[in-house]
Amino acid sequence: MSEVLKKPKAELHMHLEGSLEPEMLFKLAKRNNISLKHNSVAELKQAYKFNNLQEFLDIYYQGMSVLQTEQDFFDLTYAYLEKSHQDNVVFSEMFFDPQAHLERGIKLATVFNGITQAITQAKTTLNITASLIPCFLRHLSEDNALHTFDLLMDHRDKFIGIGLDSSELGNPPSKFKRLFDKARNEKLRLVAHAGEEGPASYVWEAIDILGIERIDHGNSILTDETLIKRIAKDKIGLTMCPLSNQCLQVVSDLQNHQALTLLNQGVKVTLNSDDPAYFGGYVNANYQALIDELKLTDQEVSHLIQNSLDVKFV
Ligand code: ADE
Ligand code: ZN
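Reading the values: rules and limits
- Residues numbered from 1 in each chain as written.
- Chains lettered and ligands numbered in written order.
- Predicted model: local features only at pLDDT ≥ 70, side-chain atom pairs only at ≥ 80, totals over all residues.
- Heavy atoms only, no water.
- Donors = N, O, S within 2.8 Å, 3.2 Å for Na, K, Ca; no water.
- Helix = DSSP H or I, 4+ residues; strand = E, 2+ residues; numbered from the N terminus.
- Pairing = 2+ DSSP bridges.
- Axes fitted to C-alpha atoms, helices over the stretch in contact; angles between N-to-C directions.
- Contact = heavy atoms within 4.5 Å.
- Buried < 20%, exposed > 50% of the residue type's maximum accessible area, 1.4 Å probe, protein only.
- Arc of directions from axis to C-beta.
- Salt bridge = Lys/Arg side-chain N within 4 Å of Asp/Glu carboxyl O.
- Near = heavy atom within 4 Å.
- Polar contact = N/O pair within 3.5 Å; in protein donor to acceptor, adjacent residues only side chain to side chain.
- Areas by Shrake-Rupley, 256 points an atom, 1.4 Å probe, with all protein chains shown as cover.
- Nonpolar A, V, L, I, M, F, W, Y, C, P; charged D, E, K, R; others polar.
- Core = buried A, V, L, I, M, F, W, Y, C linked by side-chain atoms within 4.5 Å.

Considerations on the coordination of the zinc ion (ligand 2)
- Coordination of the zinc ion (ligand 2) by the protein is provided by His13 (NE2), His15 (NE2), His193 (NE2) and Asp274 (OD), with metal-donor distances spanning 2.1 to 2.2 Å.
- Sequence positions of the donors to the zinc ion (ligand 2) reduce to the motif H-x1-H-x177-H-x80-D. Taken together, the residues span a long stretch of sequence, with histidine 193 in strand 5 (residues 189-194) and aspartate 274 in the loop between strand 8 (268-271) and helix 13 (276-279) at a distance of 81 residues.

Structure representation (structure tokens):
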């Protein structure tokens, strides 16, 4: 691991449910009496081979079925914060998917209580400042999102913004205009996944129609010069996730990853882990992968780390 990775950094794109390691998944299944499709950790890991985003999401939503109690959400969150502490993360703005838990009959209070207790404990024990950004599932309707938004507002003091995730193709940002207008009125910070599998036009929509402040992924902006200039000029952060992109075949090879080209064009690129338990590594492994494959210099790595601190919300 490169020395430069010891610098304090922020992680801005990590789904808590995607930090559920296979070992913990089996432990929680046992604790909660839930039967699983796979018979062992090794068998489950064998299933972690994805041709695209949807194949991953199907397994990811299945995996989170073991999360049932406050203790489960505490254990999940605290384990992630310990791992990120080892990577010198000092700020983490963590995603979670409220609708995926409500759909399974889990109350928002259960989710929030478990996660926020872990955040409070980690502040003291690990000196990490962690915040929450609930993401809305774009494959569901806007009405479902608006209803969930009302439920979330009972916990307004426990999160800093909202995001948009799940199946991108066929679910453009414009589908959620009313939701993002409502969130802006509540002074929430706004982010959205865009340009992961979707075209650059989805990124334009996220900026111009939803008014987002950071783009999650944004790989496809490389196809649109005007868009790159706009994102650079407005200092809109791009939370890129190299190992995720490799696993979901968003890029054919890490040597073709867009991060360095965009950084050199003045875009506020940051590196993040997305779903570390599924994609083979936490945040520093994502930096190291690009150090190895794109031959990033220490100066470029420092620039990426500084960007993470510049575009964090908290
Ligand atoms: N949910 C969890 N990980 C995701 C990703 N990479 N893209 C969209 N939705 C997600
Ligand atoms: Zn993501």
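Observations regarding the sheet that holds strand 7 (residues 237-240)
- Judged by pairing direction, the sheet is parallel, and its eight strands sit side by side in the order 1-2-3-4-5-6-7-8 without closing on themselves. Unpaired on one side and paired on the other, strand 1 (9-11) and strand 8 mark the two borders of the sheet. Shown here is a sheet whose adjacent strand axes are inclined to one another by a mean of 25°, direction ignored.
- Across three bridges, strand 1 lies against strand 2 (residues 89-96) in parallel orientation. Residue pairing for strand 2: lysine 9 is matched across the bridge by valine 89.
- Lying over the sheet, helix 4 (residues 70-86) contacts strand 1, strand 2 and strand 3 (129-137), oriented at roughly 145° with respect to strand 2.

Some points on the environment of isoleucine 207
- Along the polypeptide, isoleucine 207 turns up in helix 9 (residues 200-208).
- Spatially, the C-alpha atom of isoleucine 207 lies 31 Å from that of leucine 20, the residues being 187 residues apart in sequence.
- Apart from residues lying up to four places away in sequence, isoleucine 207 is in contact with Ile212, Ile215, Leu227, Arg230, Ile231 and Ile236.

Structural notes on helix 8 (residues 177-185)
- When helix 8 is considered as a whole, its buried residues turn out to be Leu179, Phe180 and Ala183. For helix 8, the arc enclosing every buried residue in end-on projection is 90°, short of the 170-degree limit, so these residues lie on one face.
- Packing partners of the buried residues in helix 8 comprise strand 3, helix 7 (142-152), strand 4 (161-165) and strand 5.
- Taken from the residues just after helix 8, lysine 187 is the one with a positive phi, measuring 65°.

Points about the pattern of salt bridges
- Enumeration over the complete set of coordinates arrives at 17 salt bridges.
- A salt bridge links arginine 31 to aspartate 75, with the shortest nitrogen-to-oxygen separation between them at 2.9 Å. Of this pair, arginine 31 sits in helix 1 (residues 22-31) while aspartate 75 sits in helix 4; the two residues are 44 residues apart in sequence, bridging distant segments of the chain.
- Its relative accessible area of 39% is what places arginine 31 among the partly exposed residues.
- For aspartate 75, a relative accessible area of 16% corresponds to the buried category.
- Of the charged contacts, one joins aspartate 234 and lysine 233 as a salt bridge, the two residues approaching to 3.1 Å between their closest N and O atoms.
- Taken together, the shared-partner salt bridges connect Asp208, Arg230, Lys233 and Asp234 into one network.

A few points about the site of ligand 1
- All residues in the neighbourhood of ligand 1 are listed as His15, Leu53, Phe56, Leu57, Tyr60, Asp165, Ser166, His193, Glu196, His217, Asp274 and Asp275.
- A distance of 3.4 Å separates a nitrogen atom of ligand 1 from a polar side-chain atom of histidine 15.
- Measuring from a nitrogen atom of ligand 1, one finds a side-chain N or O atom of glutamate 196 at 2.7 Å.
- Taken by itself ligand 1 offers 260 Å² of open surface, and the protein chains cover 100% of this.
- The element contributing the most residues to the shell around ligand 1 is helix 3 (residues 53-63), with four residues.
- Classifying every residue of the shell around ligand 1 gives four nonpolar, four polar and four charged.

Some points on the nonpolar core
- Ranked by internal contacts, the top residues of the largest apolar core, which has 101 residues, are Met94, Ile162, Ile212 and Tyr278.
- Look past the residues within four positions of isoleucine 212 in its chain and what remains in contact with it is Phe180, Leu190, Val191, Ala192, Ala206, Ile207 and Ile236.
- Counting five residues, the second largest nonpolar core, distinct from the first, contains Phe95, Cys135, Val191 and Phe313.

Side note on unusual backbone geometry
- Backbone geometry places asparagine 88, a non-glycine residue, at a positive phi of 60°.
- The topology assignment puts asparagine 88 in the loop between helix 4 and strand 2.
- Of note in this structure, glutamine 249 is not a glycine but carries a positive phi near 60°.
- Tracing the sequence through the fold places glutamine 249 in the loop between helix 11 (242-247) and helix 12 (259-264).

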